[in-house]
Amino acid sequence: MATPVLDKVEAEAAASDHLITVTFRVRRFNPEVSADAVWEDFQLEIDPKERVLDGLHKIKWDVDGTLTFRRSCAHGICGSDAMRINGKNRLACKTLIKDINPEKPITVEPIKGLTVLKDLVVDMEPFFQAYRDVMPFLITKETNEPTRERLQSAEDRERFDDTTKCILCAACTSSCPVFWNDGQYFGPAAIVNAHRFIFDSRDEAAEQRLEILNDRDGVWRCRTTFNCTDACPRGIEVTKAIQEVKRALITRRF
Amino acid sequence: MKIHKYDTVIVGAGGAGMRAAIESTKRSRTAVLTKLYPTRSHTGAAQGGMAAALANVEEDNWEWHTFDTVKGGDYLVDQDAAEILAKEAIDAVLDLEKMGLPFNRTPNGTIDQRRFGGHSRNHGEAPVRRSCYAADRTGHMILQTLYQNCVKEGVEFFNEFYVLDQLITEEDGVKKSAGVVAYELATGEIHIFQAKAVIYASGGTGKFFKVTSNAHTLTGDGQAAVYRRGLPLEDMEFFQFHPTGIWRMGILLTEGARGEGGILRNKDGERFMEKYAPVMKDLASRDVVSRSIYTEIREGRGCGPEGDHVYLDLTHLPPEQLDAKLPDITEFARTYLGIEPYTDPIPIQPTAHYAMGGIPTNVEGEVLSDNTTVVPGLYAAGEVACVSVHGANRLGTNSLLDINVFGRRAGIAAAEYAHTVGFVELPENPAEFVVSQIERLRTSTGNERVGTLRRELQETMDANVMVFRTEQTIKTAVEKIAELRERYKNVSIQDKGRRFNTDLLEAIELGNLLDLAEVMAVSALARKESRGGHYREDYPNRDDVNFMRHTMAYREVGDDGAESIRLDYKPVVQTRYQPMERKY
Ligand SMILES: Cc1cc2nc3c(=O)[nH]c(=O)nc-3n(C[C@H](O)[C@H](O)[C@H](O)COP(=O)(O)OP(=O)(O)OC[C@H]3O[C@@H](n4cnc5c(N)ncnc54)[C@H](O)[C@@H]3O)c2cc1C
Ligand code: SF4
Ligand code: FES
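Treat the numbers as computed from the prediction; the structure is a model and nothing was measured.

1. Thoughts on the side chain of Thr39 of chain B
Examined against the element boundaries, Thr39 of chain B turns out to sit in the loop between strand 2 (30–34) and strand 3 (50–51). The exposure class assigned to Thr39 of chain B is buried, which follows from its relative accessible area of 3%.

This is the structure we're talking about:
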């Protein structure tokens with residue numbers, strides 16, 4: 001380890017313990033008050049190293065308690081706070097102010113393609129329904145349960161590692177133009193979660209899952225726009241996973 | 001107001017709640033009420049692993065694991081419970097694998113295991129590989145796997161339902177659980193769930209601290225609900241401060257980082273843990289490491305311009321190892337600190353992490369109304385509960401284990417109990433407390449804000465009842481909390497609506513935090529000794545003569561309506577192990 005003198009972080013911290021003024025431009029909607037959604041601006045003093053979620057909290061806790069959004073873990077692990085920030089789907093808790101050009105107003109709006117219920121809160125039920133529809137659980141045919149663990153080689157485990165990381169945040173599905181136009185489409189997240197089992201060497205129901213995804217609202221609707229891959233806060237190669245499922249459908253090899 | 005009837009109602013859909021639900025849904029008509037969508041629960045944030053003496057990579061057995069758990073808990077652990085935990089650990093891990101959990105694998109294809117703090121071979125000889133893991137995403141995988149299996153079993157969830165009150169009815173002189181009252185976030189509607197058995201699995205209460213690894217939603221709602229109804233809370237003074245939180249933010253960097261070979265260093269680059277724990281070094285138990293870090297900081301060897309943190313150094317580990325074993329926490333360092341852990345050490349400080357105390361239960365998960373009496377129909381499991389397998393300090397990887405072992409036990413016990421009894425009658429006007437609480441907050445014109453009071457609470461807790469405590473600091477906290485509780489009566493909210501009123505719920509959650517903070521501080525004041533996570537500078541030694549006992553805190557309401565806390569004590573169950581000095 002380098003001799004720890006004032007290193008990068010601390011130098012930065014010392015330099016930027018100053019606050020900057022930013023404008024949060026938030027899409028507001030509350031049907032109890034009005035049928036129309038409107039933009040509302042909030043000026044905030046904030047440390048640029050803070051998260052967009054911290055900014056929303058400052059508004060809620062110090063300015064306007066009616067501002068409504070979901071959140072829990074605050075570090076990108078629970079999937080609660082996917083929203084459109086400056087026009088891109090991101091997690092508010094994983095987006096630092098300094099990384100999104102704070103000189104201009106920061107726009108925050110709900111993710112698209114799901115019904116907005118209030119402010120940044122959308123109806124997640126259709127999203128979870130699509131997830132449940134792909135049978136997202138290990139299916140085995142063995143009649144006798146093994147007494148110990150099933151064996152799996154490190155390579156076989158690695159085969160589906162990428163898609164195990166999904167936190168069901170819906171950033172991918174709600175960035176997909178096909179999903180915006182047709183809510184019946186399963187959407188990338190459901191396919192990612194099907195992939196997680198199709199390519200798990202322990203699972204024996206790949207054929208069934210592939211049949212589900214062969215449906216007219218299944219994988220073939222994907223037009224490979226890569227929005228989903230760009231949006232995924234877990235860095236999952238979503239488009240690649242969808243391609244692999246398509247290929248498995250053609251070759252029946254997985 | 002809607003009334004529902006279920007055999008079993010589970011409050012919470014984290015690891016403990018869903019493990020219970022998988023069992024109870026097979027056996028009884030079950031509803032799971034959860035304030036978050038199940039996959040949002042904080043179990044998903046757990047990183048390092050789940051302990052079990054599988055002995056897949058080196059010799060190990062459940063007796064060694066029991067010993068480590070008892071010693072780690074500074075002998076305040078109930079040893080019968082610890083033995084169950086360690087024995088059933090093996091099946092708990094194998095069950096998860098069978099449910100589909102993608103564990104990391106050894107070259108033979110078995111579940112891989114790694115080192116973790118306080119887990120040792122043969123009663124403290126050397127660190128042992130006991131933690132079963134999936135990279136640094138073990139909690140995520142457990143949460144996803146359990147949710148997947150809940151989907152498979154058709155578990156009935158009520159998502160975004162906040163349980164705000166516990167219903168108790170006295171029958172033949174016995175207090176019994178009759179059900180719970182819940183608030184539906186989407187609509188503001190109040191629901192009564194009448195149930196033969198209720199299981200609390202609502203998680204921890206870390207949000208009364210500022211620097212914490214806990215989610216915003218960990219506000220101790222379950223603990224507060226039963227406490228308000230006169231049931232005791234056990235060992236609330238024992239809170240774990242995890243050594244390695246990201247500096248200022250508190251986001252956790254798993255102990256697995258040290259298990260993989262990471263080293264703590266002070267500003268001189270010195271591996272200071274060698275001084276404090278010559279054998280286990282950086283892998284000594286968490287309370288020991290956290291105190292050592294603060295000792296370094298206090299003695300002027302902290303890092304940075306303010307000398308207020310130390311470093312977690314991973315730079316000597318091969319980047320491939322970091323990518324394979326610690327992908328998430330290295331990404332946290334990059335995202336939140338702009339640091340590259342391949343080449344730069346990571347600034348860390350202790351972070352409030354885990355509530356050892358909670359709702360007292362026996363090993364079947366049945367809740368106690370005093371030292372021995374069971375409340376029929378009431379169960380608890382997971383971080384909300386105190387069995388007590390963690391005593392004064394929980395070992396890393398023992399909580400993911402706890403939620404699986406005791407979640408399963410509570411699920412079975414509750415469902416089986418539900419088959420043997422009828423419904424307990426609901427109290428008259430069951431929603432009364434919740435309705436009046438909500439009306440008061442909605443109509444209040446007071447001038448106090450939730451955000452301000454919470455901030456002041458967190459500041460006083462961080463300053464006064466964290467890693468080091470004295471009579472003076474605890475008293476300061478007690479007084480401040482009393483002031484905040486007074487001011488809380490004047491809290492008002494801006495959102496008066498019914499739809500997704502998170503303003504209202506944050507106010508209610510703050511009330512819970514204030515109640516529990518008071519219990520913690522009062523319990524800490526009375527414990528004039530140092531043990532595990534509770535360190536009193538004015539009483540630096542463990543005092544087995546006077547304090548080898550669990551604290552039981554009860555809420556008392558006088559005839560004039562004045563509230564107070566009554567403390568009582570409960571003996572520790574000791575079987576095999578006599579208390580010894582704790583050295584690592
Ligand atoms: C960052 C981090 C890392 C950790 N790493 C490890 C590790 O590596 N190994 C280990 O063993 N332990 C670890 N722990 C500890 C462990 O993860 C937790 O103690 C454990 O997951 C708690 O599980 P639970 O089911 O009790 O609660 P949670 O998972 O917190 O779930 C609580 C549930 O209760 C619900 N709920 C809460 N209040 C209400 C209410 N009023 N009404 C309805 N529902 C409600 C929530 O919606 C949620 O579903 C870690 C903890 C943290 C914070
Ligand atoms: S694939 Fe990525 S973007 Fe899509 S739901 Fe999962 S984590 Fe979110
Ligand atoms: S709050 Fe959990 S992912 Fe952002």
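2. Focus on the interface of chain A and chain B
Counting residues at the interface gives 73 residues for chain A, matched by 78 residues for chain B. Of the roughly 6400 Å² buried between chain A and chain B, counting both surfaces, carbon and sulfur atoms make up 50%. Scanning the region where chain A abuts chain B turns up eight salt bridges. Here Glu506 of chain B makes a salt bridge to Arg71 of chain A, at a shortest N to O gap of 3.3 Å.

3. Considering the layout of surface pockets
Taken as a whole, the largest pocket holds about 1500 Å³ of empty space. Arg51 of chain A together with Lys210, Val211, Arg248 and Met249 of chain B are the residues nearest the centre of the largest pocket, which is lined by 47 residues in total. Elements that contribute at least two residues to the lining of the largest pocket include exactly helix 1 (8–15) and helix 2 (52–63) of chain A together with helix 8 (286–298), helix 10 (327–337), helix 13 (450–464) and helix 15 (502–526) of chain B. For the lining of the largest pocket, the element with the most residues is helix 13 of chain B, which contributes seven residues.

4. Description of helix 10 (residues 238–251) of chain A
All names here are of chain A. For helix 10, which comprises 14 residues, the first-to-last C-alpha distance of 20 Å matches the rise-based estimate of 20 Å (1.5 Å per residue) to within 8%. Within the span of helix 10, buried status applies to Val238, Thr239, Ala241, Ile242, Glu244, Val245, Lys246, Ala248 and Leu249. For helix 10, the elements touching its buried residues are helix 4 (154–159), helix 5 (161–164), helix 7 (188–198), helix 8 (206–213) and helix 9 (227–231).

5. Considerations on the nonpolar core
If you look at the biggest cluster of nonpolar residues, it comprises 124 residues, and the most contacted ones within it are Phe24, Leu56 and Leu213 of chain A. Sorting elements by how many residues they give to this core places helix 3 (residues 79–99) of chain B first, with 10 residues. Structurally, this core is a two-domain feature, drawing no fewer than three residues from each of domain 1 (14–122) and domain 2 (125–253) of chain A. If near-sequence neighbours (up to four positions away) are discounted, Leu213 of chain A is found in contact with Val134, Phe186, Ile191, Ala194, Ile198, Gly218, Val219, Trp220, Val245 and Leu249 of chain A.

6. Describing the site of ligand 1
Residues and elements named next belong to chain B. Near ligand 1 there are 39 residues, and of these Ser41, Thr43, Glu383, Ser399 and Leu400 occur at the shortest range. Separating an oxygen atom of ligand 1 from a backbone N or O atom of Thr397 is a distance of 3.4 Å. In the environment of ligand 1, an oxygen atom lies 3.5 Å from a nitrogen or oxygen atom belonging to the backbone of Asn398. Starting from 1000 Å² of accessible surface for ligand 1 in isolation, the protein chains cover 98%. Where the shell around ligand 1 is concerned, the elements lending two or more residues are helix 1 (15–27), strand 2, strand 7 (161–171), strand 14 (346–355) and helix 11 (398–420). A breakdown of the residues in the shell around ligand 1 according to their chemical character gives 16 nonpolar, 19 polar and four charged.

7. Notes on the domain arrangement of chain A
Residue and element names in this part refer to chain A. According to the domain assignment, chain A consists of domain 1 (14–122) and domain 2 (125–253). Computed from C-alpha atoms alone, the centre-to-centre distance between domain 1 and domain 2 is 30 Å. Counting residues at the interface gives 13 residues for domain 1 and 14 residues for domain 2. Together, the buried faces of domain 1 and domain 2 total about 1100 Å²; carbon and sulfur atoms form 62% of this surface. When the buried area of domain 1 at its contact with domain 2 is split by residue, Asn89, Lys112 and Leu114 rank highest and sum to 42% of it. Across the domain 1-domain 2 interface, the total number found is three residue pairs in polar contact (both at pLDDT 80 or more). Taken together, the elements giving at least two residues each to the side of domain 1 that touches domain 2 come down to strand 3 (82–85) and strand 4 (88–91).

So, how was this worked out
- Residues numbered from 1 in each chain as written.
- Chains lettered and ligands numbered in written order.
- Predicted model: local features only at pLDDT ≥ 70, side-chain atom pairs only at ≥ 80, totals over all residues.
- Heavy atoms only, no water.
- Helix = DSSP H or I, 4+ residues; strand = E, 2+ residues; numbered from the N terminus.
- Buried < 20%, exposed > 50% of the residue type's maximum accessible area, 1.4 Å probe, protein only.
- Contact = heavy atoms within 4.5 Å.
- Buried area = accessible area lost by both parts, 1.4 Å probe.
- Salt bridge = Lys/Arg side-chain N within 4 Å of Asp/Glu carboxyl O.
- 1 Å grid on protein atoms, 1.4 Å probe; cavity = no way out; pocket = protein on both sides within 12 Å on 5 of 7 lines; lining within 4 Å.
- Points joined across faces, edges and corners; volume = space filled by probe spheres on them.
- Expected span 1.5 Å × (residues − 1).
- Core = buried A, V, L, I, M, F, W, Y, C linked by side-chain atoms within 4.5 Å.
- Domains from an automatic or database assignment.
- Near = heavy atom within 4 Å.
- Polar contact = N/O pair within 3.5 Å; in protein donor to acceptor, adjacent residues only side chain to side chain.
- Areas by Shrake-Rupley, 256 points an atom, 1.4 Å probe, with all protein chains shown as cover.
- Nonpolar A, V, L, I, M, F, W, Y, C, P; charged D, E, K, R; others polar.

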